[in-house]
Amino acid sequence: MGENSSNWNEEQVIELLAQIFGSEDPRVIIGIGDDAALVQGSRQQILTTDLAVEGIHFRSDWSSPYEIGERIAAANIADVMSMNGKCDFLLVAASLTGNESLDWIRDLAQGIADEAKSAGALVVGGDLAKSPTLSIAITAVGHTDSVITRSGAKVGDSIYLSSLTGWSAAGLEILQKNLQLSGAQVATALNEYRAPTLDLHIDFSTATSMCDVSDALLIQGAQMAKASGVHFEIDGGAISQSPEFAELAELAALMQSDIWSWILQGGEDHALMATGRDLPGIRIGTVLEGAGISASYMGEKIEMAPVAWSHFR
């Protein structure tokens, strides 16, 4: 049988993954092939895990296996970054239906490996199982010398984004509606949905609080505000000064969609939201006394539906 056939066994897959994820990096003492990995640790370690299920978090008819791998790895790496950390290692557990070809599995693994490499991380192990539904779970291990949580925002701080949110939501809408569109903005939206870009080079190390904006800006801004005991006031006028805003607005007009719904309620962008003084990125608002979160544009409150992005909607 050729490699495109689904007639493979677990040993073949493990050998394939060992080739892709194998490394001589000195941080790895024992890698793939034993009962567990053995790595050099850090005093302050960041641990996070994320589960992605076919039909809920990704669709194989919308994304290539390589893009699915990138997307799932990025979700975990972003969570480490959101605590002012650097991702070191990933563990990947996958339940496969058995209908995937070795080429499909290779592309999925390569997407994970390349996304990890871009962040300076290594895949050091995982697990395989058979299931009626395709799912991939990744555990990330990182480290930090100075942790930043959601709970440190102070009255008078400004609120910042590492990059403009909304592109992933725009891409999802294009795919859901099966819109036959073309152009640079369409390509950007589809790319950001299929494999969100991580803002690896932004320096938010002096932030007072920080969060990965994957479940929508309004949802996670509210979480940060609650954890910090303050009010987040989001300024749409400040957001509109972002260089990307005009491009996203052009796409929203083409699709007759609400740009603020994309920016404030869209999910899976993996931008970082931080509070502090004189931070890089896009300034989007101010931390005030009080509680909760509000958003306005040109002096008018931006009205949003009460339910934003959710795994269980």
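Our subject is the structure listed above.
Presented here is an overview of the structure given in this document. (Residues numbered from 1 in each chain as written. Predicted model: local features only at pLDDT ≥ 70, side-chain atom pairs only at ≥ 80, totals over all residues. Heavy atoms only, no water.)

Since the α-helix advances by 3.6 residues per turn, residues separated by three or four positions end up pointing in the same direction. In terms of burial, helix α4 (residues 167–176) is largely enclosed, as 9 of its 10 residues are buried. Restricting attention to buried positions, one finds in α4 the residues Trp167, Ser168, Ala169, Ala170, Gly171, Leu172, Glu173, Ile174 and Leu175. Where the residues of α4 are buried, they touch α5 (184–194), α8 (245–255) and α9 (259–265). Remark: Asn178 follows α4 within two positions and exhibits a positive phi of approximately 55 degrees. (Buried < 20%, exposed > 50% of the residue type's maximum accessible area, 1.4 Å probe, protein only. Helix = DSSP H or I, 4+ residues; strand = E, 2+ residues; numbered from the N terminus. Contact = heavy atoms within 4.5 Å.)

The subject of this paragraph is the pairing of strand β11 (residues 282–288). As judged from the 4 bridges shared by strand β7 (residues 158–161) and β11, these two strands associate in the antiparallel manner. When the bridges of β11 are listed, Ser158 appears paired with Thr286. (Pairing = 2+ DSSP bridges.)

For the rest of this paragraph, the subject is the pairing of strand β8 (residues 209–213). Within β8, 5 of the 5 residues are buried, which leaves it mostly tucked inside the rest of the structure. Side chains Ser209, Cys211 and Val213 of β8 all project onto a buried face; the interleaved residues Met210 and Asp212 project onto the opposite face, where all are buried too. One ladder, built from 5 bridges, connects β8 with strand β10 (residues 271–276); its direction is antiparallel. By the bridge assignment, Ser209 is partnered in β10 with Thr275.

Geometric values such as these leave the question of function open.
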